[in-house]
Each structure stands twice: as structure tokens, then as C-alpha cells.
Amino acid sequence: MGVLPVPAEVRAILLDIEGTTTPIAFVQDTLFPYIKDNVKEYLRAHWEEEECQQDVGLLRKQAQEDSSLDGAVPIPLESGSGEEELERIIQAVVDNVHWQMSLDRKTTALKQLQGHMWRAAYATGHVKGEIFEDVVPAIRKWREAGMKVYIYSSGSVEAQKLLFGYSTEGDILELFDGHFDTKIGPKVESESYRRIAASIGCATNNILFLTDVPREANAAEEADTHVAVVIRPGNAGLTDDEKSYYSLISSFTELFLPSST
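Just so you know, these numbers come straight off a predicted model, no measurement behind them.

### Focus on the overall build of the protein chain
Point 1. When helices and strands are tallied, the protein chain shows nine helices and eight strands.
Point 2. Here the C-alpha radius of gyration of the protein chain, 20 Å, is about what a compact globule of 261 residues would show, namely 18 Å.
Point 3. Taken along the three principal axes of its C-alpha coordinates, the protein chain extends 70 × 40 × 35 Å.
Point 4. Partitioning the intrachain contacts of the protein chain with sequence separation of at least 6 by distance along the chain shows that 69% fall at a separation of at least 24.
Point 5. Each charge sign in the protein chain was given a centre, from 24 positive and 42 negative side chains, and these centres are 3 Å apart.

### What about the packing of helix α2 (residues 50-65) against helix α3 (residues 83-102)?
Point 1. As a packed pair, α2 and α3 sit with axes 11 Å apart at the nearest point and diverge in direction by 65 degrees. In the crossing of α2 with α3, the sense of the turn from one axis to the other is left-handed. Seen from α2, the contacting residues are Val-56, Leu-59, Arg-60, Gln-62 and Ala-63; seen from α3, they are Ile-89, Val-93, Asn-96, Val-97 and Gln-100.

### What to know about the sheet that holds strand β7 (residues 248-249)
Point 1. The strand order β4-β3-β2-β5-β6-β7 describes an open sheet built from six strands, whose pairing is parallel. Among the strands making up the open sheet, the edge pair consists of β4 (178-180) and β7.
Point 2. One ladder, built from four bridges, connects strand β2 (residues 12-15) with strand β3 (residues 148-152); its direction is parallel. Bridging from a neighbouring strand, Ile-13 pairs with Val-149 of β3.

### Concerning the environment of Tyr-245
Point 1. Within the element layout of this structure, Tyr-245 appears in helix α9 (residues 240-245).
Point 2. Counting along the chain gives 154 residues from Tyr-245 to Gln-91, while the straight-line C-alpha distance between them is 48 Å.
Point 3. A distance of 2.5 Å separates polar atoms of two side chains, one belonging to Tyr-245 and the other to Glu-221.

### Side note on the nonpolar core
Point 1. In terms of nonpolar packing, the biggest core is built from 61 residues, with Leu-15, Trp-142 and Leu-210 touching the most fellow members.
Point 2. Setting aside anything within four residues of it in sequence, one finds Trp-142 in contact with Ile-13, Leu-15, Met-147, Val-149, Leu-210, Phe-252, Leu-255 and Leu-257.
Point 3. One finds Ala-197, Ile-207, Phe-209 and Leu-248 within the second-largest nonpolar core, a separate group that totals 20 residues.

About the thresholds
- Residues numbered from 1 in each chain as written.
- Predicted model: local features only at pLDDT ≥ 70, side-chain atom pairs only at ≥ 80, totals over all residues.
- Heavy atoms only, no water.
- Helix = DSSP H or I, 4+ residues; strand = E, 2+ residues; numbered from the N terminus.
- Rg over C-alpha atoms; globule rule 2.2 N^0.38 Å.
- Contact = heavy atoms within 4.5 Å.
- Lys, Arg positive; Asp, Glu negative; His and termini not counted.
- Charge placed at Lys NZ, Arg CZ, Asp CG, Glu CD.
- Axes fitted to C-alpha atoms, helices over the stretch in contact; angles between N-to-C directions.
- Left-handed = near helix turned anticlockwise from the far one by under 90°.
- Pairing = 2+ DSSP bridges.
- Polar contact = N/O pair within 3.5 Å; in protein donor to acceptor, adjacent residues only side chain to side chain.
- Core = buried A, V, L, I, M, F, W, Y, C linked by side-chain atoms within 4.5 Å.
- Buried < 20%, exposed > 50% of the residue type's maximum accessible area, 1.4 Å probe, protein only.

Take a look at the structure:
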């Protein structure tokens, strides 16, 4: 794919995670299966803790909102009638989590529980965030050239910080100037990129967004943000039109910063 010159007005680089800094396989084959395999054990171990009860409360509220959906799993309230009832409620939470994940839902309730489970997994060394080998050296170069670097992912800010704080490259959180998740808006809506620019304190055309998802690239472009689509092993294929339309890179080393000359 060669070298991609970064426009002179770019002051900040905004990075997607899955399929951009991190293999999709890590998310699909490590993070999500960890939740499915360990959610029951986690709930049993942490049930009495306030944080866990808040997570269950949010999931229960979401289940009520989902009650009309096909296959939705209700979560009953506790009446305090013993171990057998507790096991039944925990199983309902497990079934609800599995149902939401089977539909690839992004509800706040699901994301919050996942984030807390991943925090425990990272802290105990059961999981390490996987980073493509070109990422850290490239970001260090960008920062030396005066670039600000931000993350924008559908995963929660907490989940982002865990991935980069407990990564295969060590704790690399110092490389990032800030983190955004879908609380700022969906990644497929142009307004989200305007909000990010306002939060950073620059114009949208001062930002270069790197993502593997053309719909996200299109939304960013509609907001007058510069974009490049990242081609990585395991990423979804692009149509011929997408390949010819978007600037493409297969490694962060292919970005050429004018200020680094």
C-alpha cells in the first residue's frame, strides 16, 4: 500500500481499537469467550459486592426493556429465600448475558459487567491486551512529531484502559492523550466526530481517524475529518469501490508525517 502522507493541518490522530491497533481475533477469541466461560463463577464470587449488585440491577432493567424481543431472558428479583433461589437468579443473569452477546448487543448494562470482569482478568494476568507490533513504535514517533493521539472505540473507556494498561507491550497508557467511547455518540454518526473535535479543542479537519470499518470512515468523513482505512489480518474484506475510494494502510508505519521531515 506504500506511504500515505498525513495532511499538514492534522494535529491529532484518532484510533479505533478492534482491527486497527488490536487483532479482531483477540476480541472475538479471547475477550468475549472469557466472559461467556467465566460469568457464572464471577457472579457467584462477587454477588454480595455493591458493584456486582449495581451490574445486576442494570442488567435487570435492560431485561425489562427487552421483554418484547424474541428470545429475551428475564431476570427475577430476589426475595431472599435461600441458596436455591440465588442459583436460579444467577443462572438467569448468565442466560441473559449469553443471549445479549449472541446478538452482539452493545447495551450499557452488558458493557459495564464485561468491563468489570475484564478488569479482574487483566489484573490477575489471565488476559493481556494484544497490540500489533507496528503500533507502539509508530505512536511514539507521532508524539515526538507533536501529534496528539486519542482512542475512539465502542468498548467502554474502562475496557480501553485495561487493554492498553495490561498489554503485551506493557502499560502503554502514557501514549494516549484521551479516550472516547459511545457515550460521545455512535461511531457511525458524523455528529460524534464533531463532538470529539470540540472535546479535543480543534477543528474536525485537524483530526485523522484510523479505522477498519468503512461505515465509521464514512461518518467521520461527513464531519470533515480525514480518514484512512486499516487493512489487518482477520479484518472484514472491502468492496472494490471501498478499496478505490478510501486511503488504505496495512501498518501504522505507512503514515508519513510532513512535520517529521
